[in-house]
Amino acid sequence: MNTRAKLFVLGFSGLSLLAMSSLSASARIVCNEDGDCWHAQESYAFPPGVHVEIHPDNWRWKEGEHHVWKEHEGRGYWHGGQWEVF
């Protein structure tokens, strides 16, 4: 294989890896005012009046902060200990 062909294969391989990495799930961590946190697989427009903080998937709360994990399937949010669907 000549140098030009090797460069083409190398470039194509790099672009393929980049494309596959951009297809990975872009999860987020969402936390409400009560400290309930859960993972969201999609970006949602939360209803008006819902106070949540959206963090990247690698976010961790600091020692001494009051947060708990409360996972739930589907589109919604935790409010007053109840899962509210929207």
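Each chain carries its own residue numbering, running from 1 in the written order of its sequence. In view of the model being predicted, local features appear only for residues whose pLDDT reaches at least 70, and side-chain atom pairs are presented and counted only at 80 or more, with totals across whole chains, interfaces and linings using the full set of residues. Excluded from the side-chain calculation are hydrogens and water; included are all heavy atoms of the structure.

Before going further, it helps to examine the state of the cysteines. The term disulfide is used for any two cysteine sulfur atoms that are within 2.5 Å. Applying the stated criterion across every chain, the model contains one disulfide. Disulfide pairing is shown between Cys 31 and Cys 37; the S-S distance is 2.1 Å. Torsion about the S-S bond of the Cys 31 and Cys 37 cystine: about 110°, corresponding to right-handed handedness. Exposure class is identical for Cys 31 and Cys 37. Each is buried. Exposed residues in this analysis have more than 50% of their type's maximum accessible area, buried residues have under 20%, and partly exposed residues fall in between, with area computed by a 1.4 Å probe over protein chains only.

Moving on: the pairing of strand 5 (residues 76-79). The pairing of strand 5 with strand 6 (residues 82-85) spans four bridges and is classified as antiparallel. Opposite Gly 76, over in strand 6, you have Val 85 as the bridge partner. If DSSP finds at least two bridges between two strands, the strands pair. To qualify as a helix, a DSSP run of H or I must reach at least 4 residues; to qualify as a strand, a run of E must reach at least 2; elements of each kind are numbered from the N terminus. Hairpin geometry of strand 5 and strand 6 is characterised by an intervening segment of two residues between the two adjacent antiparallel strands and by a positive phi of about 60° at Gly 80.

This next bit is on the sheet that holds strand 1 (residues 28-32). The sheet built from four strands is open, its strands ordered 3-1-2-4 with mixed pairing. Where the open sheet ends on each side, the last strands, each with one partner, are strand 3 (52-56) and strand 4 (68-69). Where strand 1 and strand 3 come together, five bridges link them in antiparallel fashion. The residue bridging Val 30 from the neighbouring strand is Ile 54, located in strand 3.

Once that is clear, we can look at the packing of aromatic side chains. Any pair of Phe, Tyr and Trp rings, taking the six-membered ring for Trp, is counted once the centres come within 6.5 Å. Such a pair is stacked with planes under 30 degrees apart, edge-to-face with planes over 60 apart, and tilted for the rest. What the rule picks out here adds up to nine aromatic pairs. Ring centres of Trp 78 and Trp 83 lie 5.4 Å apart, and the angle between their planes is 65°; this geometry places the pair in the edge-to-face category. The two residues Trp 78 and Trp 83 agree in class, both being buried. The criterion is that NZ of a Lys, or CZ of an Arg, lies within 6 Å of the ring centre and within 35 degrees of the ring normal, and then a charge sits over that ring. The aromatic ring of Trp 78 is capped on one face by Lys 70, whose charged end is 4.6 Å from the ring centroid.

Here the focus is the confidence of the model for the chain. The predicted model of the chain has a mean per-residue pLDDT of 81, with 72% of residues at 70 or higher. Note on scores: pLDDT gives the predictor's confidence for each residue, bounded by 0 and 100. Contacts: residue pairs with any heavy atoms within 4.5 Å of one another. A low-confidence stretch, residues 18-24 (pLDDT under 50), is modelled with zero contacts involving residues beyond four sequence positions or located in other chains.

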